[in-house]
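Topology and contacts: notes
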Amino acid sequence: MEDWLSRMESKSEQNEWSSGVWDHLTAVRRQSPLVQCITNFVSMDLVANTLLSAGASPAMVHSVVEIPDFTPHIHALCVNVGTLTPEWLPSMKAAAEVASQLGKPWVLDPAAVNCSGFRLKACLELIGLKPSVIKGNGSEIIALSSASRGQTKGADSSHESTDAIEAAKSLALSSGAVVAVSGAVDIVTDGNQVIGVHNGTKMMQRITATGCSLAGLIAAFLAIDSSRGLEATVSAMSVFGIAGELGEAMANGPASLRMHLIDSLYGLDETTVRSRVNITRLG
Ligand SMILES: Nc1ncnc2c1ncn2[C@@H]1O[C@H](COP(=O)(O)OP(=O)(O)O)[C@@H](O)[C@H]1O
Ligand SMILES: Cc1ncsc1CCOP(=O)(O)O
Ligand SMILES: [Mg+2]
């Protein structure tokens, strides 16, 4: 009886998540939020194409002189330090400050934060500007949470996302941000709740900038539901993972997965989304 009850409870929770994911995607398509991306050179193309195929409107505006004119008009911002140089940091800070002051959601992707002391310090300073969401892989979240670099594999993670749950919770509590850890299971936490998103496919790791694109997509989902940052982040991660799963079924390898992932994201329909959402509460 207890087993049945808990199965029914988790089924109804799964249905709620599925409805939430579909509603969020529909809202992104309908509202087409303007997402400013200050992202690394490697990822600009895939981030922009991911946002377009999801129905959002990307703008890669990164010059510090343009931020006072442009950033007040955006719906969300994504800052990614993947190819950070000292010249770029003032733009990132200026845009983050405008976003925070105007109550616009913004996402920090601390890409390869454990590469250098310069990058770690920059990310910690950016966290001081109150991102709504910090999205990293396991190694990046562990480095930020402990404010120390540890070992580095550059942009790739040397940890499983599940190794970073405690680090993610502690970073969420200290920063006030929702923390999202990508990996085999995507973890999302506000420091209290911990949600696991089980969509996605291993081959997504073999395409550069899928993590960066996910951060951009989270920004688009936050734009349409900024008061529910945890739920919007979970939805974005699930949608991106489902697109990856569908894409893989049509792909011969990473290059064609890149193409099919974008096509799948563009073509997602309600039945497919509802049947594929795989989200569980982990704590
Ligand atoms: N082993 C895996 N199984 C399923 N999905 C994965 C796996 N590894 C990564 N992903 C997915 O790939 C995307 C990019 O995540 P990840 O590779 O962790 O980012 P990053 O490129 O920032 O390190 C996410 O959507 C994530 O869910
Ligand atoms: C390879 C590389 N080097 C610096 S940034 C970057 C892209 C990282 O993208 P992702 O974090 O999505 O793997
Ligand atoms: Mg990354």
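Structure's up top.
Now for a look at the structure at hand. (Residues numbered from 1 in each chain as written. Chains lettered and ligands numbered in written order. Predicted model: local features only at pLDDT ≥ 70, side-chain atom pairs only at ≥ 80, totals over all residues. Heavy atoms only, no water.)

Observations concerning the environment of Glu 97
We count it as follows: Secondary structure counts use DSSP, requiring at least four H or I residues in a row for a helix and at least two E residues in a row for a strand, with both numbered from the N terminus.
Residue position: Glu 97 is located in helix H4 (residues 89-101). Glu 97 sits 29 residues away from Leu 126 along the chain, and the two C-alpha atoms are 9.1 Å apart.

Some words on the packing of aromatic side chains
Test applied: Here a Phe, Tyr or Trp ring, Trp counted by its six-membered ring, pairs with any other such ring whose centre lies within 6.5 Å, and the pair is stacked when the planes are under 30 degrees apart, edge-to-face when over 60, and tilted otherwise.
One pass over the full model with this rule turns up one aromatic pair. Residues Phe 41 and Trp 88 carry aromatic rings whose centres are separated by 5.3 Å and whose planes lie at 75° to one another, so their mutual orientation is edge-to-face. Placement of the pair is Phe 41 in the loop between strand S1 (34-38) and helix H2 (44-54) and Trp 88 in the loop between strand S3 (76-80) and H4, with a sequence separation of 47 residues.

What to know about the pattern of salt bridges
Keep this limit in mind: Any Lys or Arg side-chain nitrogen located within 4 Å of an Asp or Glu carboxyl oxygen qualifies as a salt bridge. Note on classification: 1.4 Å probe, protein chains only; a residue is buried when its accessible area is under 20% of the maximum for its type, exposed when over 50%, partly exposed between these limits.
The tally for this structure, following the rule as stated, stands at seven salt bridges. Its salt-bridge partner being Glu 125, residue Lys 121 comes within 2.9 Å of it at the nearest N-O pair. One end of the pair, Lys 121, and the other, Glu 125, are both in helix H5 (residues 117-127), four residues apart, so they sit about a helical turn from each other. Residue Glu 125 is classed as partly exposed on the basis of its relative accessible area, which comes to 28%. The salt bridge partner of Asp 225 is Arg 228, with a shortest N-O separation of 3.0 Å. Connected via shared salt-bridge partners are Lys 93, Lys 121 and Glu 125.

Points about the site of ligand 2
Quick note on the threshold: Here, proximity means that at least one heavy atom of the residue falls within 4 Å of the molecule or strand. Polar contact is the term for a pair of N or O atoms within 3.5 Å; when the atoms are in protein, one must be able to donate a hydrogen and the other to accept it, and sequence-neighboring residues count only if both atoms are side-chain atoms. Using the Shrake-Rupley algorithm and a 1.4 Å probe, accessible areas are obtained, with residue cover drawn only from the displayed protein chains.
Around ligand 2, a shell composed of Asn 40, Val 42, Gly 82, Ala 155, Thr 208, Ala 209, Thr 210, Gly 211 and Cys 212 is seen. In this structure, Ala 209 approaches ligand 2 through a main-chain N or O atom, which is 3.4 Å from an oxygen atom. About the coverage of ligand 2: the protein hides 76% of its 370 Å² of free accessible area.

Brief notes about the pairing of strand S4 (residues 106-109)
Within a regular strand, the side chains alternate between the two sheet faces. Note the following rule: Pairing between strands is defined by DSSP: at least two bridges between them are needed. Here the term right-handed applies to a crossover when the path leading from its first strand over the helix to its second strand runs clockwise, the strands being oriented away from the viewer.
Of the two faces of S4, both are covered, the one formed by Trp 106 and Leu 108 as well as the one formed by Val 107 and Asp 109. As paired elements, S3 and S4 share four bridges and run parallel to each other. Residue Leu 77 lies in a different strand from S4, and its bridge partner there is Trp 106. Bridging between S4 and strand S5 (residues 133-137) involves two bridges; their strand directions are parallel. When the sheet's bridge partners are listed, Leu 108 is paired in S5 with Ile 134. In this fold, S4 hands off to H5, which returns the chain to S5; that crossover is right-handed.

Brief notes about H2
Within H2 the residues assigned to the buried category are Leu 46, Val 47, Ala 48, Thr 50, Leu 51, Ser 53 and Ala 54. Following H2 by one or two positions, Gly 55 has its phi on the positive side, about 105°.

Quick notes on the side chain of Ser 182
The condition is simple: In what follows, a contact means two residues having at least one pair of non-hydrogen atoms within 4.5 Å.
Here Ser 182 lies in strand S6 (residues 178-182). A polar atom in the side chain of Ser 182 sits 2.6 Å from the side chain of Lys 135. Those residues in contact with Ser 182 that sit more than four places away from it in its chain are Lys 135, Gly 136, Asn 137, Gly 138, Ser 161, Leu 214 and Met 237.

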